[in-house]
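# Notes for the structure review
Here is what each chain is made of, one letter per residue.
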Amino acid sequence: MENTKCDLPITNINLAGKLVARKSLSHQTIVDVNGVKIGGNNLVVIAGPCAVESKEQLLETARYVDKYGGIILRGGAFKPRTSPYSFQGLEEEGLKLLKLAKLETGLPVVTEVMDTRQMDMVCAYSDMLQIGSRNMSNFPLLKEAGKTEKPILLKRGMNATIEEFLMAAEYILSEGNNQVVLCERGIRTFETIYRNTLDLNAVPMLKSLTHLPVIVDPSHGTGHRWMVGHMAKAAIAAGADGLIMEMHYRPEEALCDGNQSLYPEDFHKLMEELRVLAPAVGRGIVHSELVK
Ligand code: PEP
Ligand code: MN
């Protein structure tokens, strides 16, 4: 890690010979999402709705992402829902809307692929593939993602150890794709007052063990809108390379994860705070002028 003269950490896991392993303090992979570089000195803010719900919802929300300084648009077209009766996503129609939002705003888009059978379709419409928490251990899916040319946003399994998380990334790298961003999104613990327990220990630990960029999702990590800004700032202080956050133009109408979705004005305020915080920890923020 930067900012330290220490050697690479001694832990109970052995990454010798693994592709994910950091070899030196300066060894760092930069993941390029259509010109947006993740893993460098500048922080990357990804934002957007949990799910793509309609043209109006996505375009209105995407405009706010762009206006307030988000640099990649998120939105699920295939949603992994706990209940089969909950909204499952607009599927290809949702992917088409993401493409439209990209055309209008210029923001690259990241969206989840849940199944190997969707891989070609999701690749055709997106700039970055998300592999969600529930699929972190779907090894055939990881291998297929590793065969694509797309950058991958790999979210930590909600019950995965750091070693299991790194080995999931290893599956992708072992197929030839080293464009992988790791995302800490909270783990299951005995505590139920939050949706998950956001494990910010994972940030410095992962940064020291691997050369892959590490970002944090304080939305799923907390489940509470009012906590998102607090944990977003804590994540940056802990050394994260960026954030992925849910934001909705009308959270109370959201079909998925409205309680943890920021209002546009919350997002605006948080971005202003991050612009103050980032330099205090030696970072900048990727701005659209730099990439468009
Ligand atoms: C999401 O990003 O909308 C999502 C489903 O996240 P996770 O896989 O971390 O639960
Ligand atoms: Mn969500």
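In case you missed it, the structure is sitting above this.
This write-up is about the structure you can find in this document.

Cut-offs used in this document
- Residues numbered from 1 in each chain as written.
- Chains lettered and ligands numbered in written order.
- Predicted model: local features only at pLDDT ≥ 70, side-chain atom pairs only at ≥ 80, totals over all residues.
- Heavy atoms only, no water.
- Salt bridge = Lys/Arg side-chain N within 4 Å of Asp/Glu carboxyl O.
- Helix = DSSP H or I, 4+ residues; strand = E, 2+ residues; numbered from the N terminus.
- Buried < 20%, exposed > 50% of the residue type's maximum accessible area, 1.4 Å probe, protein only.
- Near = heavy atom within 4 Å.
- Polar contact = N/O pair within 3.5 Å; in protein donor to acceptor, adjacent residues only side chain to side chain.
- Areas by Shrake-Rupley, 256 points an atom, 1.4 Å probe, with all protein chains shown as cover.
- 1 Å grid on protein atoms, 1.4 Å probe; cavity = no way out; pocket = protein on both sides within 12 Å on 5 of 7 lines; lining within 4 Å.
- Sits in = over half its atoms within 2 Å of the grid points.
- Expected span 1.5 Å × (residues − 1).
- Contact = heavy atoms within 4.5 Å.
- Donors = N, O, S within 2.8 Å, 3.2 Å for Na, K, Ca; no water.
- Phe/Tyr/Trp six-rings, centres within 6.5 Å; stacked < 30°, edge-to-face > 60°.

### Here we look at the pattern of salt bridges
Applying the stated rule across the entire model yields 18 salt bridges. Arg74 is the salt-bridge partner of Glu246, the closest N and O atoms lying 3.5 Å from each other. Here Glu246 is found in strand β10 (residues 242-246), whereas its partner Arg74 is found in strand β4 (residues 72-74), with 172 residues between them in sequence. Take Glu246: its relative accessible area is 0%, and that puts it in the buried class. Judged by its relative accessible area of 3%, Arg74 is buried. Salt-bridge contacts for Asp127 lead to Lys102; the nearest nitrogen and oxygen are separated by 2.8 Å. Placement of Asp127 in the loop between α3 (119-125) and β6 (128-131) and of Lys102 in helix α2 (residues 92-105) is noted, with a sequence separation of 25 residues between them. On the basis of relative accessible area, Lys102 is assigned to the partly exposed category, the value being 23%.

### Regarding the site of ligand 1
As a matter of local geometry, ligand 1 sits amid 13 residues, with Arg74, Lys79, Gln130, Ser133 and Arg185 nearest to it. In the model, an oxygen atom of ligand 1 is placed 3.4 Å from a nitrogen or oxygen of the His220 side chain. Expressed as a share of its isolated accessible area of 300 Å², the protein-covered part of ligand 1 is 97%. One can see that ligand 1 is located within the second largest pocket.

### Considerations on helix α1 (residues 55-68)
For α1, built from 14 residues, the straight-helix expectation of 20 Å at 1.5 Å per residue is met to within 8% by its first-to-last C-alpha distance of 20 Å. Inspection of α1 places Gln57, Leu58, Leu59, Thr61, Ala62, Val65 and Tyr68 among the buried residues, and these make up the whole buried set. Packing partners of the buried residues in α1 comprise β3 (42-48), β4, α2 and α9 (264-280). A positive backbone phi angle near 110° is found at Gly69, which sits one or two residues after α1.

### Structural notes on the coordination of the manganese ion (ligand 2)
Looking at the manganese ion (ligand 2), one finds its protein donor set to be Cys50 (SG), His220 (NE2), Glu246 (OE) and Asp257 (OD), positioned 2.0 to 2.4 Å from the metal centre. The buried category is assigned to His220, whose relative accessible area is 8%.

### Things to note about the packing of aromatic side chains
By the definition in use, this model includes two aromatic pairs. Aromatic side chains Tyr64 and Tyr68 sit 6.0 Å apart centroid to centroid with 20° between the ring planes, which places their arrangement in the stacked category. Here Tyr68 and Tyr64 lie together in helix α1, a separation of four residues that amounts to about one turn. Judged by its relative accessible area of 27%, Tyr64 falls in the partly exposed class. According to the relative accessible area criterion, Tyr68 is buried, its value standing at 14%. Note on Phe139 and Tyr171: the rings are 4.6 Å apart at their centroids and 25° apart in plane angle, and the pair reads as stacked.

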